[in-house]
Amino acid sequence: MCSDNLKQIKAMGCSETPLPKGNEIVKSNTLKENKDFRRLYYRGKSAASPCLVTYVMKNRSGRVRVGITSGKKIGKAVQRNRARRVIRAAFSELEGRIASGCDIVFVARTKTTEVKMQKVLEDMEKQLALLGVIR
């Protein structure tokens, strides 16, 4: 039965890879390598607020790549995961407005775990506008 559905999907010209759910960032568009993070920290432009730090740098791939970090200073695993989740949700709201061809790293701060997603979204929007990334 599943193979019949896949055949129908392929016949319509669609790919069989599922669309990302909710506030997921597509895996191919994430920064994972330590060297990429370090390159942004040292060469990228940055903006900071009490709950978020943003680093931005142009890339040659023509697509937006995103990395999110939260250090041990923020708290235990639950707090760090919440901080990353809040940042990811805020970024998904702005994703369509971001100019292509840049790498972005968001660094969570201790206050990130205490604020609502809307506050992080406001700070993120201000920072990305200041850095010239939002269209």
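Since the structure is predicted, the reported quantities are computational estimates derived from the model, not experimental observations.

**Q** Describe in detail helix H3 (residues 77-94), supporting the description with residues and values.
**A** Look at H3: 26 Å from first C-alpha to last across 18 residues, which is about the 26 Å you get at 1.5 Å a residue. On its buried side, H3 packs onto strand S2 (52-58), strand S3 (65-69), strand S4 (102-108) and helix H4 (117-130).

**Q** Explain the sheet that holds strand S1 (residues 45-49) to me, and be specific about the residues and the numbers.
**A** The sheet built from 4 strands is open, its strands ordered S1-S2-S4-S3 with mixed pairing. Strand pairing shows two members of the sheet lacking a second neighbour, S1 and S3, which therefore form its edges. Across this sheet, the average inter-strand angle for adjacent strands is 15°, counted without regard to direction. Across 5 bridges, S1 lies against S2 in antiparallel orientation. The partner of Ser46 across the bridge, within S2, is Tyr55. Of the strands in this sheet, S1, S2 and S4 touch H4, which is tilted by about 35° from S2.

Conventions adopted
Residues numbered from 1 in each chain as written. Predicted model: local features only at pLDDT ≥ 70, side-chain atom pairs only at ≥ 80, totals over all residues. Heavy atoms only, no water. Helix = DSSP H or I, 4+ residues; strand = E, 2+ residues; numbered from the N terminus. Expected span 1.5 Å × (residues − 1). Contact = heavy atoms within 4.5 Å. Pairing = 2+ DSSP bridges. Axes fitted to C-alpha atoms, helices over the stretch in contact; angles between N-to-C directions.

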